[in-house]
Amino acid sequence: MLNTPRTKKRPHPSAIGVLDLQGGVCEHLDHLERLGVACRPVKVPANFRGLAGLIIPGGESTCLARLLQIFTLDKIIVREFQRGMKLWGTCAGAIILARTVVGEQPVLGLMDIEIERNSFGSQLDSFTGEAVIPAFSARPLPLTFIRAPQIKKAGKGVKILLKRDNYIAAAESNEILVTVFHPELTGCVAFHRYFARKCGLTPYDEKKVPDIDPTWNPMSWTRHVSVTGPAR
Ligand code: GLN
């Protein structure tokens, strides 16, 4: 009898993970579910199995960086990224991904952008706005900036998606999306739909769920609280 060695098969990447160490995790899961995208919180190495993409949420980048190191998830993110997993960093997540952080050491350094933390001032200088960003939608989209950073420079291979005054608010490379604002805190699902497609997945289209989901409300995310319990 022929004894063929068994190779461990990798599952076809079919889900998007949300890094679940600190910050706005449930809000992203809620948006992905609205679009029918398989998603899960990512807390331990086993959670990376079969991920087509990973969202690094907003929160506090020093805290996130420390937790990434403590749980050695920084190395796993880099490894999975090199294997094809796409990344999206919102706000603090964008800081974690930047190659250059003004006045500080970079954390993952995977995207050729220069970013400055707390660039608008204190927490009290947070604000909301609106912009048409053709890459995502033809209609104006709500933007929420919470003690946000500013992207100051984008390197080669980085496309600017939204520029305002003297800073860049959204950009992407082939593998990474960064936004300094928080679409997950509004009813706008256009960014999540865009990222899911970037990951090679098929989210519900605009006819089924419009870019601004009318069924969303500021408490919608609370239905996800139960999934962010202890690591499974
Ligand atoms: N100010 C935070 C930082 O520098 C980012 C804030 C956010 O993610 N909303 O890490």
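Let me begin by describing the structure that accompanies this report. (Residues numbered from 1 in each chain as written. Predicted model: local features only at pLDDT ≥ 70, side-chain atom pairs only at ≥ 80, totals over all residues.)

Here we look at the overall build of the protein chain
Consideration 1: Per the secondary structure count, the protein chain includes five helices and twelve strands.
Consideration 2: For 232 residues, the compact-globule formula gives about 17 Å, and the C-alpha radius of gyration of the protein chain, at 18 Å, lands near that figure.
Consideration 3: Counting all 232 residues of the protein chain, 45% fall into the buried class.
Consideration 4: Nonlocal contacts in the protein chain, meaning residues at least 24 apart in sequence, comprise 68% of its contacts between residues at least 6 apart. (Helix = DSSP H or I, 4+ residues; strand = E, 2+ residues; numbered from the N terminus. Rg over C-alpha atoms; globule rule 2.2 N^0.38 Å. Buried ≥ 20, exposed ≤ 12 C-beta atoms within 10 Å, placed from the backbone. Contact = placed C-beta atoms within 7 Å.)

Description of the site of the ligand
Consideration 1: Surrounding the ligand, one finds G58, G59, E60, S61, C91, A92, I95, R117, N118, I146, R147 and P149.
Consideration 2: Of the residues that constitute the shell around the ligand, the class distribution is five nonpolar, four polar and three charged. (Near = placed C-beta within 6 Å. Nonpolar A, V, L, I, M, F, W, Y, C, P; charged D, E, K, R; others polar.)

Regarding unusual backbone geometry
Consideration 1: Here T72, not a glycine, exhibits a phi torsion of approximately 50°, which is positive.
Consideration 2: Even without a glycine there, the phi angle at D165 is positive, about 45°.
Consideration 3: When you line up the elements, D165 lands in the loop between β10 (159-164) and β11 (167-172).

Digging into the nonpolar core
Consideration 1: With 69 residues, the main nonpolar core has I16, L54, I96, L97, I113, A171 and V178 as its most contacted residues.
Consideration 2: When sequence neighbours within four positions are dropped, the list of residues in contact with L54 reads G17, L19, V42, I77, M85 and L87. (Core = buried A, V, L, I, M, F, W, Y, C linked by C-beta atoms within 7 Å.)

Observations regarding helix α2 (residues 61-70)
Structurally, the α-helix is built with 3.6 residues per turn, so residues lying three or four positions apart point the same way.
Consideration 1: For α2, the set of buried residues is S61, L64, A65 and L68. Mapping the buried residues of α2 onto a view down its axis gives an arc of 100°, with all of them on the same face.
Consideration 2: Within two residues after α2, T72 carries a phi angle of roughly 50°, on the positive side. (Arc of directions from axis to C-beta.)

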